[in-house]
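A structural walkthrough
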Amino acid sequence: WPINGALDVQLNPNDPQIISPPAFWRAQDAPILYIRAACHTTQKPAQLFWTNLNSATPHSLDFQLIADGLEHTYILDLAGSKDYQGILTMLRLDPVSEGQKGDWIKLKSIGFEKVE
C-alpha cells in the first residue's frame, strides 16, 4: 500500500492466490470478466475460481497468461461454463500454480465492464 495504478503481487509462494472480498451478483448480469494485467513468469496456465451462493465447492475456468511483462486484457467468458449460474459470491485468481522468485503480476483491473 498504497496502490499506484496497479496491484503489484509477487508470486513467490506455492499456490499464490488473489481473493476478492465477499460479493453478490447474478451470473446472468455479468457473463464476461475482464482482467487487465501485466505479468512476468515462466508459467502460463492461470485459473479463475468463483463460488455460488448455494454451493461450498468452488468452480473454475483455466486460461493462459501472456507473460511478457506488458499489459494485456484477458476476456473470460464465464457464461460458457455450466457452473457459472445463479448468485455468485466470490472470485479468486490463481495467476500460477507455483510461484518462483522473480515472478510477478500487476493487476490494473478486474471487473465485468471492459476497461482499457
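The structure contained in this document is the topic of the report that follows. (Residues numbered from 1 in each chain as written. Predicted model: local features only at pLDDT ≥ 70, side-chain atom pairs only at ≥ 80, totals over all residues. Heavy atoms only, no water.)

**Quick notes on the pairing of strand β8 (residues 87-94)**
Of all eight residues in β8, seven are buried; the element is thus mostly enclosed. Where strand β2 (residues 18-19) lies against β8, two bridges are found, and the strand directions are antiparallel. Each bridged residue has a counterpart across the sheet, and for Ile19 the counterpart in β8 is Arg92. Taken together, the two bridges between strand β3 (residues 25-26) and β8 define a ladder with antiparallel strand orientation. In the strand pairing of β8, Trp25 is matched with Leu88. Relative to β8, strand β5 (residues 45-52) runs antiparallel, the two sharing six bridges. For Thr51, the partnering residue across the bridge sits in β8 and is Met90. (Buried < 20%, exposed > 50% of the residue type's maximum accessible area, 1.4 Å probe, protein only. Helix = DSSP H or I, 4+ residues; strand = E, 2+ residues; numbered from the N terminus. Pairing = 2+ DSSP bridges.)

**Remarks on the pattern of salt bridges**
Scanning all chains against the criterion turns up five salt bridges. Linking Arg92 and Asp94 is a salt bridge whose minimum nitrogen-to-oxygen distance equals 2.8 Å. Via salt bridges that share partners, Arg36, Glu71 and Lys108 belong to a single interconnected network. (Salt bridge = Lys/Arg side-chain N within 4 Å of Asp/Glu carboxyl O.)

**Regarding unusual backbone geometry**
For residues besides glycine, phi is generally negative; the peptide bonds are generally trans as well. At Asp15, a residue that is not glycine, the phi angle is positive and equals roughly 50 degrees. For Asp15, the location among the structural elements is in the loop between β1 (7-10) and β2.

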